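Descriptive analysis of the structure
Each chain is listed here by its residues.
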Amino acid sequence: MFHKIIGNALDTVSIETSKVRIEVTTEFGPRIKFFGVPGGKNILFWDNEGKYVRNDWKLRGGGRVWTTRPWANETEETYMTDNEKCLGIISRSGTKMEIFAPTHPVFKLRKGIEVSKITDNIFRVVSIVDNESDMLWSGGVWALACTDPKNKTYGIPLGHPWSRWNSFQITYSPYWANHTSLVNDPQISPNEKFMVIKPAGRELKRDIKAPMGLIGASDEQEQYTFWKYAPYISDGRYPQGANIAIYNGPNNFMTEMETMGPQRILGPGERIVH
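Section: the overall build of the chain
Secondary structure assignment for the chain yields one helix and 25 strands. The C-alpha radius of gyration computed for the chain amounts to 18 Å, which stays within 12% of the reference 19 Å derived for 274 residues, consistent with globular compactness. Counting over 274 residues, the chain shows a buried share of 51%. When contacts within the chain are restricted to residue pairs at least 6 apart in sequence, those whose partners lie at least 24 apart make up 58%. Working note: accessible area of the chain is about 13,700 Å², and carbon and sulfur atoms make up 53% of it. Where the 33 positive side-chain charges of the chain centre and where its 30 negative ones centre are 3 Å apart.

Things to note about the pairing of strand S19 (residues 204-209)
Burial analysis of S19 places five of its six residues in the buried class, which makes it a mostly covered element. Sheet analysis places strand S14 (residues 169-172) next to S19, joined by four bridges and oriented antiparallel. Bridge pairing in S19 links tyrosine 172 to arginine 206. Taken together, the five bridges between S19 and strand S22 (residues 244-248) define a ladder with antiparallel strand orientation. Residue pairing across strands places leucine 204 opposite asparagine 248, the latter belonging to S22.

Some points on the nonpolar core
A general tendency of soluble globular proteins is for nonpolar side chains to be buried together. Formed by 38 residues in total, the largest nonpolar core has its most connected members in Val24, Phe35, Val115, Ile156 and Ile197. Sequence-distant contacts of phenylalanine 35, that is, excluding residues within four places in its chain, are made with Val20, Arg21, Ile22, Lys41, Asn42, Ile43, Leu44, Phe123 and Phe226. Core analysis: the second largest hydrophobic core is formed by 14 residues, Leu59, Trp66, Phe253 and Met260 among them.

Let's talk about the sheet that holds strand S20 (residues 214-219)
If you trace the five strands from one edge of the open sheet to the other, you get S17-S18-S13-S20-S21, paired in antiparallel fashion. Unpaired on one side and paired on the other, strand S17 (188-190) and strand S21 (224-229) mark the two borders of the sheet. Taken over all neighbouring pairs, the strand axes of this sheet differ in orientation by 15° on average, direction set aside. For strand S13 (residues 152-157) and strand S18 (residues 194-197), the ladder comprises four bridges, and the chain directions are antiparallel. By the bridge assignment, tyrosine 154 is partnered in S18 with isoleucine 197.

Here's the deal with unusual backbone geometry
Note that the residue after glycine 29, namely proline 30, is joined by a cis bond; omega there is 0°. Here proline 30 is to be found in the loop between strand S3 (21-25) and strand S4 (31-36). If you check the backbone angles, arginine 60 has positive phi at about 65° while not being a glycine. Inspection of the secondary structure puts arginine 60 in the loop between strand S6 (57-58) and strand S7 (63-68). In this model, lysine 108 sits at a positive phi of 60°, which is unusual for a non-glycine residue. The topology assignment puts lysine 108 in the loop between strand S9 (96-100) and strand S10 (109-119).

Conventions adopted
- Numbers given to residues run from 1 along each chain, matching the order in which its sequence is written.
- In keeping with the model being predicted, local features are shown solely for residues with a pLDDT of at least 70 and side-chain atom pairs are shown and tallied solely at 80 or more, while totals for entire chains, interfaces and linings include all residues.
- As a rule here, side-chain values cover all heavy atoms of the structure and leave hydrogens and water aside.
- Going along the chain from the N terminus, every DSSP run of H or I of four or more residues is numbered as a helix, and every run of E of two or more is numbered as a strand.
- It is over C-alpha atoms that the radius of gyration is taken, and the globule rule equals 2.2 Å times the number of residues to the power 0.38.
- Three labels apply to residues, based on accessible area from a 1.4 Å probe with only protein chains included: buried if under 20% of the type maximum, exposed if over 50%, partly exposed otherwise in between.
- Whether two residues are in contact is decided by their heavy atoms, any of which lying within 4.5 Å being enough.
- Note on areas: these come from Shrake-Rupley sampling with a 1.4 Å probe, and a residue is covered only by the protein chains present in the view.
- When charges are tallied, Lys and Arg are placed among the positive residues and Asp and Glu among the negative ones, while His and the ends of the chain are skipped.
- All charge positions are set by atom: Lys at NZ, Arg at CZ, Asp at CG, Glu at CD.
- Any two strands between which DSSP finds at least two bridges are classified as paired.
- As used here, the term nonpolar core means buried Ala, Val, Leu, Ile, Met, Phe, Trp, Tyr and Cys residues forming a set that is joined through side-chain atoms within 4.5 Å.
- As a rule, the C-alpha atoms of each element are fitted with a line to give its axis, helices using only the stretch in contact, and angles between N-to-C directions run from 0 to 180 degrees.

So yeah, pure geometry; function would need other evidence.
Structural data, given as structure tokens:
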């Protein structure tokens with residue numbers, strides 16, 4: 001079923017099945033604000049009051065569309081339209097929606113999100129960037145899912161399990177901007193095939209080349225596992241060589257499950273998706 005919810009809360013559109021409910025706010029972003037069992041707890045971290053800020057930008061949380069530039073994972077234009085009210089909603093048979101942010105005033109980029117039901121408990125989410133300029137743009141688009149780490153254990157399958165040549169790559173970030181992450185962090189337990197992360201309140205960041213393209217979160221109390229999957233493109237130009245990343249915020253305020261797309265040149269009128 002497809003719903004449009006307008007009330008005292010944020011304007012929201014949603015798709016609901018017997019097993020899953022997903023809500024996307026049209027107030028800003030666009031942003032997935034809820035994903036979970038109908039009537040149940042939100043798998044995603046959501047800051048309705050906008051407590052976590054960077055200048056005028058509010059984190060909010062949820063599922064986010066993120067743009068990158070070559071050699072820069074974060075840039076000012078990524079934040080600029082992220083709090084603007086969204087423009088259009090397209091519903092097809094109650095199982096698919098597309099929502100777009102306003103076009104960036106300088107770079108003429110328009111970012112959006114497409115959500116569609118595949119089965120009652122599998123949804124396809126597409127992060128979109130359109131180049132509406134008459135000039136070239138280069139960069140990439142990612143999908144960041146801010147989750148509530150309470151009672152959760154996170155896992156990332158490593159390497160090429162289908163190949164006799166098994167390798168993976170991990171990028172450490174001991175410090176960046178005003179953040180830090182331990183190299184030898186007891187919150188992480190890697191082995192030859194899997195990286196397990198159990199958040200314990202310390203800030204943490206890892207970027208990983210993981211060809212399986214999977215990152216999961218298991219909730220011991222609620223008895224479910226939530227998987228994010230994005231195909232790995234073997235010849236793609238990934239920042240730091242990584243297609244998966246995980247970030248845990250100080251005091252476990254959120255854990256971000258990131259799947260990342262490769263960067264490329266985008267011509268006038270072209271679209272890049274992840």
